[in-house]
Amino acid sequence: MKYKKINEATIQCIISEEDMEEYGLTIADIFERNEKGEGFLRDVVERAHDEVGYRLKGDNIAMQITPIRDEGLVITFSDAGIAGFQNMLEHIKEVLSGIDPESMRDAIRALSDKDTQQKNNLEDTCRIFIFSSLNHVMRYCISIPSDLTVRSHLYKEREFYYLVIEKNRLSKKNFNKISAQAVEFAGLIVPTEEKLIYLGEHGECMIKDRAVSRMRQIYQ
């Protein structure tokens, strides 16, 4: 694990595939937040003290988890509230295949509202994924079991594609499972009402509803 101090309240940690193997972890463990994954995330925060002298100043900590091209993760965390969350978004290292990291960071930053970063957090009922190509969207959609009905919407903004998935009638287990599957193809954006409004106003709505099902039908 490689730690980097962004500022006194915000830390970034790069987790390699080898690090995860050492802990006996998969990416699904992290995104499903099972007992093994939660224990690992606590350890990441605790080790930051020894690695870069980080001291947690409160009980509330914001965390952003982003998959990277080499099957690893970038975990950025802060206890500085809204300001810390903004710093996290500005230092995410998106290195998806075929996409310039700076361009991907700009796309994620475009969905950030500085005044309302942590209001109306919809993470338990909604996920937003950013894809570098329509092919990646297609490959992800066909990886989702056909017996699951997924309420979903597809947008395009600039050269990126955004798939919004709602929990709706999915079980929590299935919702987390299909979210974990997405990390092979996409980056995760923390959902808020403001970001959904931004996509509706600035993005091109390609498929209004049942995007996963319709993309699967196109492929077949």
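Residues numbered from 1 in each chain as written. Predicted model: local features only at pLDDT ≥ 70, side-chain atom pairs only at ≥ 80, totals over all residues. Heavy atoms only, no water.

### Description of the overall build of the protein
Helix and strand counts for the protein come out as nine helices and nine strands. Sorting the 220 residues of the protein into buried and exposed places 50% on the buried side. Taking all contacts inside the protein whose residues are at least 6 apart in sequence as the whole, residues at least 24 apart take part in 70%. Counting every atom, the protein has about 11000 Å² of accessible surface; 44% of that belongs to carbon and sulfur. (Helix = DSSP H or I, 4+ residues; strand = E, 2+ residues; numbered from the N terminus. Buried < 20%, exposed > 50% of the residue type's maximum accessible area, 1.4 Å probe, protein only. Contact = heavy atoms within 4.5 Å. Areas by Shrake-Rupley, 256 points an atom, 1.4 Å probe, with all protein chains shown as cover.)

### A short note on the packing of aromatic side chains
In this structure the tally under the stated criterion is five aromatic pairs. Note on Tyr 54 and Phe 77: the rings are 5.5 Å apart at their centroids and 80° apart in plane angle, and the pair reads as edge-to-face. Taken together, the residues Tyr 54 in the loop between helix 3 (35–52) and strand 3 (62–67) and Phe 77 in strand 4 (residues 73–78) connect sequence positions 23 residues apart. Under the relative-accessibility criterion, Tyr 54 is labelled buried at 3%. Here the aromatic rings of Tyr 140 and Phe 185 are separated by 6.2 Å at their centres, their planes lie at 50°, and the arrangement is tilted. On the criterion of sequence distance, the pair formed by Tyr 140 in helix 6 (residues 134–143) and Phe 185 in the loop between helix 7 (172–182) and strand 8 (186–189) is long-range, its members being 45 residues apart. (Phe/Tyr/Trp six-rings, centres within 6.5 Å; stacked < 30°, edge-to-face > 60°.)

### What about the nonpolar core?
Ranked by internal contacts, the top residues of the largest apolar core, which has 24 residues, are Phe 131, Tyr 140, Val 150, Leu 154, Leu 163, Ile 165 and Ile 178. Among the elements that take part in this core, helix 6 stands out by supplying four residues, more than any other. Setting aside its immediate chain neighbours within four residues, Ile 178 contacts Tyr 140, Ile 144, Leu 148, Val 150, Ile 165 and Leu 170. In this structure, Cys 13, Ile 15, Ile 27 and Val 183 belong to the second largest nonpolar core, which totals 20 residues. (Core = buried A, V, L, I, M, F, W, Y, C linked by side-chain atoms within 4.5 Å.)

### Structural notes on the sheet that holds strand 5 (residues 126–131)
Reading across from one edge, 8-5-7-6-9 is the order of the five strands in this open sheet, with antiparallel pairing throughout. Sheet topology places strand 8 and strand 9 (204–207) at the edges, where each strand pairs with a single neighbour. Averaged over all pairs of adjacent strands, the angle between their axes in this sheet comes to 30°, without regard to strand direction. Inspection of the sheet shows strand 6 (residues 151–157) paired to strand 7 (residues 160–166) by seven bridges, in the antiparallel sense. In the strand pairing of strand 7, Arg 151 is matched with Glu 166. Here helix 6 sits on the sheet in contact with strand 5, strand 6 and strand 7, set at roughly 25° to strand 7. (Pairing = 2+ DSSP bridges. Axes fitted to C-alpha atoms, helices over the stretch in contact; angles between N-to-C directions.)

### Describing the environment of Ile 75
The topology assignment puts Ile 75 in strand 4. Between the alpha carbons of Ile 75 and Val 45 there is a distance of 9.6 Å; along the sequence they are 30 residues apart.

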